[in-house]
Amino acid sequence: MKPDLFESPDYFGLDDLLTEEHKLVRAAAREWVKREVSPIIEDAAQKATFPQSIVHGLAEIGAFGPYIPETYGGAGLDQISYGLIMQEIERGDSGVRSTASVQSSLVMYPIYAYGNEDQRQKYLPKLASGELMGCFGLTEPDHGSNPGGMTTNYKDMGDHFLLNGAKMWISNAPFADIAIVWAKNDEGRIHGLIVERGMEGFSTPETHNKWSLRASATGELIFDNVKVPKHNLLPNKSGLGGPLGCLDSARYGIAWGAIGAAMDCYDTALRYSKERIQFGKPIGQFQLQQKKLAEMITEITKAQLMAWRLGVLKNEGRATSAQISMAKRNNVEMAINIAREARQMLGGMGITGDYPIMRHMMNLESVITYEGTHDIHLLITGMDITGLNGFK
Ligand SMILES: Cc1cc2nc3c(=O)[nH]c(=O)nc-3n(C[C@H](O)[C@H](O)[C@H](O)COP(=O)(O)OP(=O)(O)OC[C@H]3O[C@@H](n4cnc5c(N)ncnc54)[C@H](O)[C@@H]3O)c2cc1C
């Protein structure tokens, strides 16, 4: 992999909309990605291994629980800082951002928002420091886009719960110390349970042969009569709104993160277009290549504005789930289109690991699928504007 020469595009001067704290947080994350992620990420992706060495650094830059209060070990930052951290991490790699998103929004957030004080004290500081890693089990083999149909269930056995079922496509599962598992009780109501590695009957086999998010570990969660202590139930939320609330937070982070991947592809293609000579000229002088670059920066700028405005709404507690869906859908599609165009601009070199574009492009195939597919987010917008449910 070539040295990381990334320069962030800011065509509309959006930095003027950021506070000094936002810029400091972003600078720390960017510098860390250049120093610790860029040199190792291509090798990790090629070998399909999660680079454990980055866990400590992710904690140091505040990527584990950026908006969780400092009393619980979080960074106590606002939603725009959270978004900027996700953007910078995904500029390095979507798989690394996935690890941070899961830990923050899908593990720490439900413990913070739906847990009791004992659970917050027990888990949050260790999750914030990376001493404990978590995963989030919602998707099942037969229930992906329709998680409400889940069959994973727990029975009240008096002094404990007995958990049975299976989850698949779970990021961080192979190494996670704890799992937030969504399961139905005897009445068919969904609740979150904290399942710990080492509980008898709980296993986490790794999913192999992925061509996407290769630097992120994915696996299954299998529950075979797992005895879960009653105090591991998240008491303050029930129903599908529990997991969906977590997904709102993670999808918001993805809306920012995808901009990072797009910026890296654009920046790489722009630099290459000035260096690569064909027919006696830099390819950037040909109008066809300029069209690609001009459209890329236009789309990135629109996505940046959307993410920033969504961040303002989120800080004010006014962002709706439908707005978050729209931003996730738009920005990931924008990023994947830019990755495809940028890859072409590098010609044959674009398919190699000497440049990050092909890795981003393959990663984004997962990002456009997880946390609600591209189609599902369209249906959410459609339902929001018409008031008519197009899901069923
Ligand atoms: C790398 C990776 C990591 C993941 N990490 C996690 C994780 O950490 N935790 C977790 O719980 N899950 C995780 N997921 C699962 C992810 O959220 C699901 O893959 C996603 O929700 C889609 O579910 P599915 O794969 O079962 O596809 P399906 O739901 O089977 O969908 C197949 C196709 O049908 C379409 N479709 C479905 N319903 C409708 C409808 N009503 N109308 C029109 N079209 C429809 C979909 O858009 C899609 O194109 C991960 C997935 C991947 C690939």
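Worth saying up front: this structure is predicted, and the values here are computed from it rather than measured.

**Considering the overall build of the chain**
Looking only at helices and strands, one finds 10 helices and 9 strands in the chain. Computed over its C-alpha atoms, the radius of gyration of the chain comes to 21 Å, within 12% of the 21 Å expected for a compact globule of 392 residues. In the chain, buried positions account for 51% of the 392 residues. Counting only contacts in the chain whose residues sit at least 6 apart along the sequence, the fraction spanning at least 24 positions is 75%.

**Quick notes on the domain arrangement of the chain**
Here the domain parsing of the chain yields domain 1 (14–129), domain 2 (134–232) and domain 3 (241–386). On a C-alpha basis, the centroid separation for the pair domain 1 and domain 3 is 19 Å. Every contact between the two is made by 28 residues of domain 1 and, on the other side, 28 residues of domain 3. When contributions to the side of domain 1 that touches domain 3 are tallied by element, the ones reaching two or more residues are helix H1 (20–47), helix H3 (79–92) and helix H4 (94–114). If you tally residues by element for the side of domain 1 that touches domain 3, the top one is H3, at 11 residues. Residue composition of the side of domain 1 that touches domain 3, by class: 13 nonpolar, 8 polar and 7 charged.

**Brief notes about the pairing of strand E3 (residues 160–171)**
Of the pairings in the sheet, the one linking strand E2 (residues 153–156) to E3 comprises 4 bridges and is antiparallel in character. Considered in E3, the bridge of Lys-155 is made with Leu-162. One ladder, built from 9 bridges, connects E3 with strand E7 (residues 218–229); its direction is antiparallel. Counted as the bridge partner of Phe-161 is Val-228 from E7.

**Comments concerning the site of the ligand**
Around the ligand, the surrounding shell holds 22 residues, and the nearest of these are Leu-138, Gly-144, Ser-145, Thr-373 and Asp-375. Broken down by secondary-structure element, the contributors of at least two residues to the shell around the ligand are strand E1 (134–137), E3 and helix H10 (374–386). Grouping the constituent residues of the shell around the ligand by class yields 11 nonpolar, 9 polar and 2 charged. Built from parts of two domains, the shell around the ligand gets at least three residues from each of domain 2 (134–232) and domain 3 (241–386).

**Some thoughts on helix H7 (residues 287–315)**
Relative to the 42 Å expected for 29 residues at 1.5 Å per residue, H7 spans 42 Å between its end C-alpha atoms, a close match to the ideal helical length. Trailing H7 by a residue or two, Gly-317 shows a phi angle of about 70°, which is positive.

**Section: the environment of Gly-382**
Relative to the elements of secondary structure, Gly-382 occurs in helix H10. Given 15 C-beta atoms within a 10 Å radius, Gly-382 is considered partly exposed. Spatially, the C-alpha atoms of Gly-382 and Ala-322 are 9.3 Å apart, while their sequence positions differ by 60 residues.

**Here we look at H10**
Taking 1.5 Å per residue as the helical rise, H10 with its 13 residues ought to reach 18 Å, and the 19 Å between its terminal C-alpha atoms agrees with that figure. Looking one or two residues past H10, Gly-387 carries a phi angle of roughly 75°, positive in sign.

**A look at the nonpolar core**
In this structure, Leu-193, Ala-258, Ala-262, Ala-335, Ala-339 and Ala-342 are the most contacted members of the largest nonpolar core, which totals 111 residues. Per-element tally for this core: the top contributor is helix H6 (residues 241–275), with 16 residues. Setting aside chain neighbours within four positions, we find Ala-339 in contact with Ala-261, Cys-265, Ile-357, His-360, Met-361 and Leu-364.

**Digging into the packing of H4 against H6**
For the pair H4 and H6, interaxial distance at closest approach is 9 Å and the crossing angle is 150°. Between H4 and H6, the angle is such that the two are roughly antiparallel. In terms of crossing hand, the pair formed by H4 and H6 is right-handed. Here Ser-94, Arg-97, Ser-101, Ser-105, Leu-106, Tyr-109, Pro-110, Ala-113 and Tyr-114 of H4 lie close against H6, whose contacting residues are Gly-242, Gly-245, Cys-246, Ser-249, Ala-250, Gly-253, Ile-254, Gly-257 and Ala-261. Per-class residue counts for the contact of H4 with H6 are 9 nonpolar, 8 polar and 1 charged.

**A closer look at the environment of Cys-246**
Structurally, the position occupied by Cys-246 is in helix H6. C-alpha separation for the pair Cys-246 and Tyr-109, spaced 137 residues apart in sequence, amounts to 6.6 Å. With residues near it in sequence (within four places) discarded, Cys-246 still touches Ser-105, Leu-106, Tyr-109, Pro-110 and Phe-136.

**Some details on the pairing of E7**
The pairing of strand E6 (residues 202–203) with E7 spans 2 bridges and is classified as antiparallel. Note that in E7 the partner of Ser-203 across the bridge is Ile-222.

**So, the packing of H1 against H3**
At a minimum axis separation of 8 Å, H1 and H3 run at an interaxial angle of 20°. Classified by the angle their axes make, H1 and H3 are roughly parallel. Judged by the twist between their axes, the crossing of H1 over H3 is right-handed. In this structure, H1 uses Glu-21, His-22, Val-25, Arg-26, Ala-29, Arg-30, Val-33, Val-37, Ser-38 and Ile-41 to contact H3, whose residues at the interface are Ile-80, Ser-81, Leu-84, Ile-85, Glu-88, Ile-89, Arg-91 and Gly-92. For the contact of H1 with H3, a count of residues per class yields 9 nonpolar, 4 polar and 5 charged.

**Comments concerning the environment of Asp-159**
Take Asp-159: it is sitting in the loop between E2 and E3. What makes Asp-159 exposed here is the crowd of 8 C-beta atoms within 10 Å. Once the C-alpha coordinates of Asp-159 and Thr-99 are considered, the two residues, 60 residues apart in sequence, prove to be 34 Å apart.

Calculation notes
Residues numbered from 1 in each chain as written. Predicted model: local features only at pLDDT ≥ 70, side-chain atom pairs only at ≥ 80, totals over all residues. Helix = DSSP H or I, 4+ residues; strand = E, 2+ residues; numbered from the N terminus. Rg over C-alpha atoms; globule rule 2.2 N^0.38 Å. Buried ≥ 20, exposed ≤ 12 C-beta atoms within 10 Å, placed from the backbone. Contact = placed C-beta atoms within 7 Å. Domains from an automatic or database assignment. Nonpolar A, V, L, I, M, F, W, Y, C, P; charged D, E, K, R; others polar. Pairing = 2+ DSSP bridges. Near = placed C-beta within 6 Å. Expected span 1.5 Å × (residues − 1). Core = buried A, V, L, I, M, F, W, Y, C linked by C-beta atoms within 7 Å. Axes fitted to C-alpha atoms, helices over the stretch in contact; angles between N-to-C directions. Parallel < 35°, antiparallel > 145°, perpendicular 65-115°, else oblique. Left-handed = near helix turned anticlockwise from the far one by under 90°.

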